[in-house]
Amino acid sequence: MSDRVYNVLFLCTGNSARSILGEAILNHVGQGRFKAFSAGSTPKGAVHPMTLETLMKVGIPTEGLRSKAWEEFAVPGAPKMDFIFTVCDNAAGEACPIWPGQPMTAHWGIEDPAAVQDPEFKQRAAFEDALRYLRNRIGAFTNLPLASIDRMALNSKLEAIGGMDGTTTKSSKVA
């Protein structure tokens, strides 16, 4: 077993819900093999309260979570990322910074739970759905044989994970 720790960045536009959920889940389940971060192209400046509530409800630590700009990870001295996952369709379509190194990237689009308005029970359900979808994808990701898989096969697996249940991305395959 390798002692290598993989750095993973979850990107979204506002960095208040989905990307924060990804960061918290991976840091919780990654068993020291992964160090997760999150950022946004135009961060809201605060984590959505239901993001924190949803994480705490399932026993995932929330301390240290904050909304931040993705430029923070594209400057000299920033942690070198091994993987970058966009979790919203807007961020996937934006011109991203040049990331140090050559991180593997994939789009894991999920509906924005923060965009759901009243009633409150629908908001909670949207956050719980986003948490479930991200947990499933992160579980699949953490079970990949990262130390022994070639880059092309890994890219294919990462894209397949992005197409799991709950995806916002429509298949481009023609029947």
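Residues numbered from 1 in each chain as written. Predicted model: local features only at pLDDT ≥ 70, side-chain atom pairs only at ≥ 80, totals over all residues. Heavy atoms only, no water.

Draft legend 1. Inspection of the sheet that holds strand E4 (residues 104-107) at higher detail. The strand order across the open sheet formed by four strands is E2-E1-E3-E4, and the pairing between neighbours is parallel. In this open sheet, the two strands that pair with only one neighbour each are strand E2 (34-40) and E4. Strand after strand, the sheet turns through a mean of 20 degrees between neighbouring axes, direction not considered. Sheet analysis places strand E3 (residues 83-86) next to E4, joined by four bridges and oriented parallel. Directly across from Phe83, in E4, lies its bridge partner Met104. (Pairing = 2+ DSSP bridges. Helix = DSSP H or I, 4+ residues; strand = E, 2+ residues; numbered from the N terminus. Axes fitted to C-alpha atoms, helices over the stretch in contact; angles between N-to-C directions.)

Draft legend 2. Spatial organisation of the side chain of Thr86. Following the sequence through the fold, Thr86 ends up in strand E3. Of the polar contacts made by the side chain of Thr86, one reaches the side chain of His107; its length is 2.7 Å. (Polar contact = N/O pair within 3.5 Å; in protein donor to acceptor, adjacent residues only side chain to side chain.)

Draft legend 3. Representation of the environment of Cys88. Relative to the elements of secondary structure, Cys88 occurs in the loop between E3 and helix H3 (89-93). Placed 35 residues apart in sequence, Cys88 and Glu53 show a C-alpha to C-alpha distance of 21 Å.

Draft legend 4. Representation of the pattern of salt bridges. Scanning all chains against the criterion turns up eight salt bridges. In this structure, Arg124 engages Glu53 in a salt bridge whose closest nitrogen and oxygen atoms are separated by 1.8 Å. A residue pair is termed long-range when its members are at least 10 positions apart, and Arg124 in helix H4 (residues 120-142) and Glu53 in helix H2 (residues 49-57) qualify at 71 residues. Put simply, Glu53, Glu120 and Arg124 are held in one network by salt bridges that share partners. (Salt bridge = Lys/Arg side-chain N within 4 Å of Asp/Glu carboxyl O.)

Draft legend 5. Seen up close, helix H1 (residues 18-29). Helix length check: H1 (12 residues) gives 16 Å between terminal C-alpha atoms against 16 Å at 1.5 Å per residue, within 8%. In terms of burial, H1 is a largely internal element, nine of the 12 residues being buried. Buried residues of H1: Arg18, Ser19, Ile20, Leu21, Gly22, Glu23, Ala24, Ile25 and Leu26, and no others. Against strand E1 (6-12), E2, H2 and H4 lie the buried residues of H1. In the stretch just after H1, Gln31 is the one whose phi turns positive, near 50 degrees. (Expected span 1.5 Å × (residues − 1). Buried < 20%, exposed > 50% of the residue type's maximum accessible area, 1.4 Å probe, protein only. Contact = heavy atoms within 4.5 Å.)

Draft legend 6. Examining the confidence of the model for the protein more closely. With 92% of its residues at a pLDDT of 70 or more, the protein has an overall mean of 90. Low pLDDT, under 50, characterises residues 171-175; the stretch is placed with zero contacts to residues that sit more than four places away or in other chains. (pLDDT = per-residue confidence, 0-100.)

Draft legend 7. Region of interest: the packing of H2 against H4. Interhelical geometry of H2 versus H4 gives an angle of 60 degrees and a closest axis separation of 10 Å. With respect to H4, the axis of H2 lies oblique. Considering only the axes of H2 and H4, their crossing is right-handed. Contact residues: Met50, Thr51, Glu53, Thr54, Leu55 and Lys57 in H2; Glu120, Gln123, Arg124, Phe127, Glu128 and Leu131 in H4. (Parallel < 35°, antiparallel > 145°, perpendicular 65-115°, else oblique. Left-handed = near helix turned anticlockwise from the far one by under 90°.)

Draft legend 8. Geometry of the environment of Val116. Within the secondary structure layout, Val116 lies in the loop between E4 and H4. In this structure Val116 comes out as partly exposed when scored by relative accessible area, which is 26%. When the C-alpha atoms of Val116 and Ala46 are compared, they prove to be 17 Å apart, with 70 residues separating the residues in sequence. Once residues within four sequence positions are removed from consideration, Val116 is found in contact with Lys122, Gln123 and Ala126.

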